[in-house]
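Examination of the molecular architecture
Read off the chains here:
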Amino acid sequence: MTWEPQPDGLNQIITLLKQSQSTDNTIQRAVQMKLEELNQYPDFNNYLIYVLTKLTSQDEPTRSLSGLILKNNIRIHGTHLQPAIIEYIKQECLMALGDPSPLIRATAGILITTIANKGGLQNWPELLPTLCDMLDSQDYSVCEGAFGALQKICEDSADTLDSSALNRPLNIMIPKFLQFFRHSSPKIRSNAIACINQFIINRTQALMVHIDTFIENLFHLSSDEDREVRKNVCRGLVMLLEVCMDRLIPHMNSIIEYMLIRTQDSDETSLEACEFWLTLAEQAICKEVLTPHLPRLVPVLVRGMKYCDIDIIILKGDVEEDEMIPDREEDIKPRFHKSRTHTQKSASGGGAAAGGGGGDGAARSMEGNDDDEVIDDPYDDMDDDSNLSDWNLRKCSAAALDVLANVFKDDFLPILLPILKETLFHQEWVIKESGILALGAIAEGCMNGMIPHLPELIPYLIACLSDKKALVRSITCWTLSRYAHWVVSQPHDQYLKPLMEELLKRILDANKRVQEAACSAFATLEEEACTELVPYLGFILKTLVFAFGKYQHKNLLILYDAIGTLADSVGHHLNKPEYINMLMPPLIQKWNMLKDEDKDLFPLLECLSSVATALQSGFLPYCEPVYRRCISLIQQTLNQDLASTTSPGQYEQPDKDFMIVALDLLSGLAEGLDGHIESLVVSSNIMQLLYQCMQDSMPEVRQSSFALLGDLTKACFQHVHPHIADFLPILGHNLNPEYISVCNNATWAIGEISIKLMEDTKPYIPMVLTQLIEIINNTNTPKTLLENTAITIGRLGLVCPVEVAPSLQQFVRQWCSSLRNIRDNEEKDSAFRGMCQMITVNPVGVVADFIFFCDAAASWMNPKKDLHEMLQKILHGFKMQVGEENWSRFVEQFPPQLSERLAVMYNI
């Protein structure tokens, strides 16, 4: 296809391209509108490609810009463009890959990848063969341009390239790339490695057959002069370590030596190399291969943790007071609401997962995670700043020191302690700061070995909270939070009180970064100290409330979290008129200021949910407006969802987080106010809304609606009762452990409903029992879900023993094992009563697993009197049944402490 532009049209487009480089916003907007208008003309895109590839009279930035506008057009309107135009663009792009200008070549490469992504590689079958042929061109520009395009395609389409749909082109491409590892141009060597690196993690077969050649060639390039080449060599080695460790083991010593040198490079290679230590720490051989190198590695990592000059400029490290400067909206990271999940507290003295506890409410956990494993990466938020690239050598070095401390434990300390002594007390603040960071990084792995040093170090750190450099104050907050567990375990006057006083001052620091670090550290301290904070509540609240008037936008959001965590930690101790009068007015004032579509509602609603649960009846004066607004947020979201589904073009999809957070706050109200919520429920359409939310396509919405259903069942069952026939089938459908938290909350709600419905649960047993038995027998079921499933099966057995007992043999062993570890509470009580009822109905069902029942019965600390009698009766009945001799033989299998416990508790 040949196509020639009209001179007028061409001039008009060149003028537009020139104007779009202006910094004036008004001109920018006018250009945007004009571009939208021009998209109505099919051959507008021909002009754009013409300017990029043919119009050499124009400067390169203008030509490249023309290509980038075309790229956006293809991305947005690609499917509507006439085939002839697309063909013309394709042929021009391939020609432009040989352009003398690197910028034009790169732009053509981006366009090629965009077309391939949009239309699918299978619809451009000649692309890959053409690009591979171009690699053999004698013209350097053509070879380099083709390689640039191939690298982008490998990055974007690694999976497609390995599929049979394309006839497995990698079988040809990978050997081809390997030939270029020794090319004379560093740019091409670097491209060749980068292309192959894309296929390591997926263990692509076409690469695996050449893996030894690849590794050999990587080693050959390890001493390359070019920094990009070295960066890609490091990246490749780090991935190979994960994927085919066995091939690297023979060379491990020299690889470690190499990475030690590269970690000290003064360019980005150091970050790529530093990733190596993170990956190595996950391998079983880490300790063995790294021990001889530790004395050299540890100082390198600690040096890498030092701020470089550029970081300090970006972080405005010399600006000590900035609390008056408003935040820029782009500095505020999006937050993700964690929906409520019902969990149990374990008997081993450790609390439940983050947040609530057995029988009294719901903890919060991310969807799809086992609740025991919700861990934030502490290094993500350490120097939170939108200008500082998110992941850098400092964070990577700190994370590496942390994981290695977890591998080597206290063996790490002989090497590290002398370095800490030197850095922690250094005159230069930058070095001192990195020492404090290192001390925080090893807290988890080396805690035991550090304990003897903490009586000296903690007071020193508390003093560093008043350092004149803001960056020292902020990192000290973080490091102290990593030792909070130890601080709380010591006499309060010694460390907890001085730490709390200083941290509260830092919450009111004049520097925003320090405020943020102090607020986060204080939230960690609250979680560790729990009710130990009660004596200091007045003092704490005074500070947090004062911060309300002081904080800019970003830190306000973190302050809500600190207040919510405080409420979770001290619970009903917060319910005192003087505390309520301090805390509620500023919260309600913010609540009234925020519009319904403002995302700042998320953290505020989460905070209020914790506060409502803690204050219980103390929240009554505030509950009505809060309740109404939650109902309205749910209603609005559902309406918007319906509108966007029925006429997708006209209405945007809603942000369902508004609905999730509102459901969770209603749960907090139901749990805190208990029966008092009844008057609010009766005058609203909450049951209809709940019915819709329970069937939402988004798992987190269902998860939160089941939590609310359970809490409303406990608080005011009379209003839930009429809807049970609609609700229970939905709960049954959601017993799918693929969505752990959804399944968990549905299971818990079924149990709560059954003990209210009593024998009327009977018709619903077939809808749920089979799934519950499957879940309890599945080896992959996480602990929290197992415990809730066991409790619900027990409760179903309590209200309908005749229906459930026949299946006893299918679940009794798993049931006993999962409930032996949870603390005495109401839920455990009702579940065990159910088990006793079922055994009475079907004693044969428990015979084969009776030792598990004995163990579970022994897990009670002090059961209620009548439950104790039931358990004792079953144990003695079994002994009578089998006779003395068999009983003695049976008891011989018991661990000694079980026999003792049963003798003491049940006199058997």
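Residues numbered from 1 in each chain as written. Predicted model: local features only at pLDDT ≥ 70, side-chain atom pairs only at ≥ 80, totals over all residues. Heavy atoms only, no water.

For the chain, the name recorded in an unreviewed UniProt entry is AGAP005892-PA-like protein, with Anopheles sinensis as its organism.

**A short note on the overall build of the chain**
What the chain contains, in helices and strands, is 48 helices and three strands. For the chain, whose C-alpha radius of gyration is 33 Å, the value lies close to the compact-globule estimate of 29 Å for 908 residues. When its C-alpha atoms are laid out on the principal axes, the chain stretches across 100 × 70 × 65 Å. With 908 residues in all, the chain has 57% of them scored as buried. With 76 positive and 119 negative side-chain charges, the chain shows a separation of 2 Å between the mean positions of the two kinds. (Helix = DSSP H or I, 4+ residues; strand = E, 2+ residues; numbered from the N terminus. Rg over C-alpha atoms; globule rule 2.2 N^0.38 Å. Buried < 20%, exposed > 50% of the residue type's maximum accessible area, 1.4 Å probe, protein only. Lys, Arg positive; Asp, Glu negative; His and termini not counted. Charge placed at Lys NZ, Arg CZ, Asp CG, Glu CD.)

**Brief notes about the confidence of the model for the chain**
Here the chain shows a mean pLDDT of 88. Residues at 70 or above account for 93%. Within the chain, the lowest mean pLDDT, 27, falls on strand β2 (residues 355-357), and the highest, 97, falls on helix α36 (residues 686-693). Considering only residues more than four positions removed or in separate chains, one finds that residues 348-376, a stretch of pLDDT under 50, has 86 contacts. (pLDDT = per-residue confidence, 0-100. Contact = heavy atoms within 4.5 Å.)

**With respect to the nonpolar core**
Across soluble globular proteins, nonpolar side chains have a tendency to be buried as a group. Formed by 315 residues in total, the largest nonpolar core has its most connected members in W277, L401, F412, I442, F619, L669 and W815. When residues in this core are grouped by element, the largest group, eleven residues, is from helix α34 (residues 657-673). Setting aside anything within four residues of it in sequence, one finds L669 in contact with A612, F619, C623, V626, Y627, D674 and I677. (Core = buried A, V, L, I, M, F, W, Y, C linked by side-chain atoms within 4.5 Å.)

**Observations regarding the pattern of salt bridges**
Within the structure shown, the criterion is met by 45 salt bridges. We note a salt bridge from K505 to E502, for which the minimum N-O separation is 2.8 Å. Here the residue K505 and the residue E502 both occupy positions in helix α27 (residues 496-507), the gap between them amounting to three residues, near one helical turn. Of the residues examined, E502 reaches a relative accessible area of 15% and is grouped as buried. The structure contains a network of salt bridges with shared partners spanning R473, E502, K505, R506 and D509. (Salt bridge = Lys/Arg side-chain N within 4 Å of Asp/Glu carboxyl O.)

**Side note on the packing of helix α10 (residues 186-197) against helix α12 (residues 211-221)**
Interhelical geometry of α10 versus α12 gives an angle of 140 degrees and a closest axis separation of 12 Å. With respect to each other, α10 and α12 are oriented oblique. Of the two elements, α10 crosses α12, and the hand of that crossing is left-handed. Contact with α10, carried on its side by R189, I193, I196 and N197, involves F214, L218 and L221 of α12 and no other residues of that element. A breakdown of the residues in the contact of α10 with α12 according to their chemical character gives five nonpolar, one polar and one charged. (Axes fitted to C-alpha atoms, helices over the stretch in contact; angles between N-to-C directions. Parallel < 35°, antiparallel > 145°, perpendicular 65-115°, else oblique. Left-handed = near helix turned anticlockwise from the far one by under 90°. Nonpolar A, V, L, I, M, F, W, Y, C, P; charged D, E, K, R; others polar.)

**Digging into the state of the cysteines**
Put plainly, a disulfide is one covalent bond tying together the sulfur atoms of two cysteines. Under the criterion given, the structure shown has zero disulfides. Among the cysteines around C816, which has no disulfide bond, C854 carries the closest sulfur, lying 8.9 Å off. When its relative accessible area of 1% is taken as the criterion, C816 is described as buried. (Disulfide = S-S within 2.5 Å.)

**What to know about α34**
Side chains of residues three or four places apart in an α-helix project in the same direction, reflecting 3.6 residues per turn. Under the 1.5 Å per step criterion, the end-to-end length of α34 is 24 Å for 17 residues, consistent within 8% with the ideal 24 Å. Taken across its 17 residues, α34 has 16 buried, putting it largely inside the fold. Immediately downstream of α34, the backbone of D674 shows phi near 50 degrees, a positive value. (Expected span 1.5 Å × (residues − 1).)

**Quick look at the packing of aromatic side chains**
One pass over the structure, following the stated rule, counts 20 aromatic pairs. On the basis of an interplanar angle of 50 degrees and a centroid distance of 6.0 Å, the ring pair of F619 and Y622 is categorised as tilted. You'll find F619 and Y622 in the same group, each marked buried. Plain terms: the ring middles of F850 and F878 are 3.7 Å apart, the flat faces sit at 10 degrees to each other, and that makes the pair stacked. Taken together, the residues span a long stretch of sequence, with F850 in helix α46 (residues 850-857) and F878 in helix α47 (residues 865-891) at a distance of 28 residues. (Phe/Tyr/Trp six-rings, centres within 6.5 Å; stacked < 30°, edge-to-face > 60°.)

**Structural notes on the side chain of N197**
Tracing the backbone shows N197 in helix α10. Only 3.0 Å separates the side chain of N197 from the backbone oxygen of N232, close enough to count as a polar contact. Setting aside anything within four residues of it in sequence, one finds N197 in contact with F214, N232, R235, G236 and M239. (Polar contact = N/O pair within 3.5 Å; in protein donor to acceptor, adjacent residues only side chain to side chain.)

**Comments concerning unusual backbone geometry**
The residue C530 is not glycine, and still its phi comes out positive at about 45 degrees. Mapped onto the elements of the fold, C530 is located in the loop between α28 (512-529) and α29 (537-550). Exposure remark for C530: the relative accessible area of 32% places this residue in the partly exposed category. At D674, a residue that is not glycine, the phi angle is positive and equals roughly 50 degrees. Along the chain, D674 turns up in the loop between α34 and α35 (678-682). Classification of D674 as partly exposed rests on a relative accessible area of 42%.

**A few points about a negative patch on the surface**
Residues E527, E528, D561 and D568 make up a contiguous surface patch of negative charge. Among the secondary structure elements, those contributing two or more residues to the negative patch are α28 and α30 (553-570). One can find D561 in helix α30. (Patch = residues over 30% accessible without salt bridge, like charges linked within 9 Å, V, L, I, M, F, W, Y side chains within 5 Å. Areas by Shrake-Rupley, 256 points an atom, 1.4 Å probe, with all protein chains shown as cover.)

**Here's the deal with α46**
Looking at α46, one finds that the buried residues are F850, F853, C854, A856 and A857. Burial along α46 is one-sided: seen end-on, the buried residues are contained in an arc of 165 degrees. Of the surrounding elements, those touching the buried residues of α46 are α43 (808-819), α44 (826-841), α45 (844-847), α47 and α48 (896-906). (Arc of directions from axis to C-beta.)

**Observations regarding the packing of helix α38 (residues 724-733) against helix α39 (residues 740-757)**
Relative orientation of the contacting elements α38 and α39 amounts to 145 degrees, with a least axis distance of 10 Å. For α38 against α39, the interelement crossing comes out left-handed. Packed against α38, whose contacting residues are I724, L728 and L731, the element α39 presents A746, A749, I750, I753 and L757 at the interface. When the residues that make up the contact of α38 with α39 are grouped by side-chain class, the tally is eight nonpolar, no polar and no charged.

**A few points about the environment of L207**
Structurally, L207 is set in helix α11 (residues 205-208). Not counting residues within four places of it along the chain, the set of residues in contact with L207 comprises I174, I196, F199, I200 and F214.

**Structural notes on the environment of A670**
When you line up the elements, A670 lands in helix α34. You can call A670 buried: its relative accessible area is 1%. For the pair A670 and N907, spaced 237 residues apart in the sequence, the C-alpha separation amounts to 42 Å. If near-sequence neighbours (up to four positions away) are discounted, A670 is found in contact with I677, D711, L712 and A715.

**Examining the environment of S137**
The topology assignment puts S137 in the loop between α7 (127-135) and α8 (140-161). C-alpha separation for the pair S137 and G98, spaced 39 residues apart in sequence, amounts to 9.8 Å. A distance of 2.9 Å separates the side chain of S137 from the backbone nitrogen of D139, its partner in a polar contact.

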